[in-house]
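# A structural walkthrough
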Amino acid sequence: MIPFHKPYFTGAELGYLQAALQSGKIAGDGPFTHRCQQFFEARYHFPKTLLTTSCTDALEMAAILLNIQAGDEVIIPSFTFVSSANPFLLRGAKVVFADSSPLNPNLDETTLEALITPRTKAIVVVHYAGVACNMNAILRLAQAHQLSVVEDAAQGLDSYFESQPLGSLGTLSAFSFHDTKNIIAGEGGMLVINDPALMERAEIIREKGTNRSRFFRGEIDQYGWIDIGSSFLPSDLVAACLYAQLQHLTDIQHKRLSIWAHYLQRLQPLLSRGVQLPFIPAYATHNANLFYLVTRSASERSALLAHLKDKGIATAFHYQALHQSAYYAPLHDGRPLPQAQRYADCLLRLPLYYELPPTDQDYLIDCLLAYFQVA
Ligand SMILES: *Cc1c(COP(=O)(O)O)cnc(C)c1O
C-alpha cells in the first residue's frame, strides 16, 4: 500500500533531543525554543515569534490578544479545519462563514465585503495548501473597515505572497508543526506577532497570564499574575525536534516542490476530463504542502478513491464545510456556500511526502491517467 502520508525525520532529531535532555532543562522557553524563534525571525523577518504547543493554541492566543468577545463577529472561510473557528467561538464571538474561490479553496475575497457588519472585528484567512490568499484585496478591505486580520498559516511555512512570507501580513499569524505539515515536531505551533503593540501581552498570555518572561530576562525582580492566559508554550524537547527539522528546511522544501511539480506536469490530461487541478495565482509562491484534484461530483470522487484503494494507493479527502458541520449548521445563517461545499464533496488529496519513491508516484499517476482514459 502506498500510504497517504508519512512523516519525515531528517536524522538530526535524536542528536538535538539528546542535547536537550543532557542540558537537564526541558521546560518551555529553553535554548532550543529561542534558537527556533531566532531562525524564523532571521529567515522571514518576522518581528516577533513565540513557539506554542500547536497552531490551535496560537490561534487561541490571537483571539485573546484581539480582545474578541461576545457580540463580536469574525469572518472565517467555511472550508478549513475546525481550529480556524474554535478559538473565536471560545471567546464568545459569532463566526460568519465565507465561501471559497471557484479557482482554489482559498477564501473568495470578492464575497467578503458583503459579510462585514458594524460588529465585525476580524477576518481569518487560511492559506490552503500553502497557497497565499489575495492579501492585497483582503488587507485593503480590513484597513477600510478597521478590522484585524489573522493568518491561519498552519500550512503556509515558507510560502510567499508576492515577496512577503506568509505569516508576515496579518496582525497576528499562526503556524503548525503537526505531523501532517512540511516541518514537524509531533505537535507544535508558532504565533507571529506583527503588531508591536501586542508583543508584550502575547508573552504574558502564553505564560498563564504572568510576566514570567520578563522575570527570566532579568527585567523585573519578581513575577506575578497580571492578565488572563494559559500554558501555551511547548517543552524544549518539542523545540529541539523542530530545530533539527529547520536545519533541513531547504532540502525538505526542494524535495516536496519537485514531487508537486511532477504531479502537476503529468496530470495535465485530466483537465480534459473536467478534473480541476491546483491553481497558483501569479502573486503566490507556494510550499508544496499538498497536492489535490477536484472531481466533478461527490460520486466521482468516491469511485476514484475506491479504485485507487484497490490499486494499493491511499488518498484522502479533506475538510467538511464547517457551515454544514453537526456543531455549526444550526448556528449558521443559512447562506449557501457552494464552493466550500464543492471542495468538501469533491476534493481529493494525493500522497505527497519526502520519502515518496518516484516509482510509486509514477505508478499512482499512471493509475489516475488510466482511470480517466487519458493515458
Ligand atoms: C493543521 C491545521 C491547523 C491545526 O494545527 P495544530 O498545530 O494541529 O493545532 C489549523 N488550521 C489549519 C488550516 C491546519 O491545516
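Located above this text is the structure these notes cover.
Structural notes, computed from the coordinates. (Residues numbered from 1 in each chain as written. Predicted model: local features only at pLDDT ≥ 70, side-chain atom pairs only at ≥ 80, totals over all residues. Heavy atoms only, no water.)

## Some details on the packing of helix H3 (residues 55-65) against helix H6 (residues 199-206)
Formally: Every angle, taken between N-to-C directions, lies between 0 and 180 degrees, and every axis is a line fitted to C-alpha atoms, over only the stretch in contact when it is a helix. Put simply, DSSP H or I for four residues or longer makes a helix, DSSP E for two residues or longer makes a strand, and each gets a number counted from the N terminus. Here roughly perpendicular refers to angles of 65 to 115 degrees, roughly parallel to angles under 35, roughly antiparallel to angles over 145, and oblique to all remaining angles. Note: crossing handedness is left-handed where the near helix turns anticlockwise from the far helix by less than a right angle, and right-handed where it turns clockwise. Pairs of residues are marked as contacts when any of their non-hydrogen atoms sit within 4.5 Å. For this classification, Asp, Glu, Lys and Arg are treated as charged, while Ala, Val, Leu, Ile, Met, Phe, Trp, Tyr, Cys and Pro are nonpolar and the rest, including Gly, are polar.
Between H3 and H6, the shortest axis-to-axis distance is 10 Å and the interhelical angle comes to 125°. Taken together, H3 and H6 sit at an angle that is classed as oblique. By crossing handedness, the relation of H3 to H6 is classed as right-handed. In this structure, H3 contributes Met 61, Ile 64 and Leu 65 to the contact, and H6 contributes Arg 201, Ala 202, Ile 205 and Arg 206. Its residues assigned to classes, the contact of H3 with H6 shows five nonpolar, no polar and two charged.

## Brief notes about the nonpolar core
Spelled out, the test is: The nonpolar core is taken to be a set of buried Ala, Val, Leu, Ile, Met, Phe, Trp, Tyr and Cys residues, with the residues joined through side-chain atoms within 4.5 Å. With a 1.4 Å probe rolled over the protein chains alone, any residue whose accessible area is under 20% of its type maximum counts as buried; one over 50% counts as exposed, and the rest are partly exposed.
The biggest cluster of nonpolar side chains holds 69 residues, and the ones touching the most others in it are Phe 88, Ile 138 and Leu 191. Sorting elements by how many residues they give to this core places H3 first, with eight residues. Non-local contacts of Ile 138, meaning those with residues more than four positions away in its chain, are made with Leu 107, Glu 109, Leu 112, Ile 123, Val 125, Cys 133 and Val 149. Counting 26 residues, the second-largest nonpolar core is a separate cluster that includes Leu 304, Leu 350, Leu 364 and Leu 368.

## Considering empty space enclosed by the protein
Stated precisely, the cut-off is as follows: In this analysis, the protein atoms alone were mapped onto a 1 Å grid. Cavities are point sets where a 1.4 Å probe fits without being able to get out; pockets are open sets with protein on both sides within 12 Å along at least five of seven lines; lining residues have an atom within 4 Å of a point. Grid points are joined across faces, edges and corners, and a volume is the space filled by probe spheres set on the points.
Across all of its chains, the model carries three cavities of 30 Å³ or more by this definition. Size it by volume and the largest cavity reaches roughly 50 Å³. As for the largest cavity, its lining consists of His 5, Lys 6, Pro 7, Tyr 8, Asp 179, Lys 181, Asn 182, Ile 184, Gln 245, Arg 256 and Tyr 354. Looking at the lining of the largest cavity, its residues break down into four nonpolar, three polar and four charged. Approximately 40 Å³ is the volume attributed to the second largest cavity. As for the second largest cavity, its lining consists of Asn 104, Ala 129, Val 131, Trp 260, Pro 278, Phe 279, Ile 280, His 286, Leu 290 and Tyr 292. Of the residues assigned to the lining of the second largest cavity, the class counts are eight nonpolar, two polar and no charged.

## Things to note about the pattern of salt bridges
Condition: Throughout this description, the term salt bridge denotes a Lys or Arg side-chain nitrogen within 4 Å of a carboxyl oxygen of Asp or Glu.
Summed over all chains, the structure comprises 17 salt bridges. Of the charged contacts in the structure, one is a salt bridge between Lys 121 and Asp 72, with a shortest N-O distance of 3.1 Å. One end of the pair, Lys 121, is in strand E4 (residues 120-126); the other, Asp 72, is in the loop between H3 and strand E2 (73-77), and 49 residues separate them in sequence. Judged by relative accessible area, which is 10%, Asp 72 ranks as buried.

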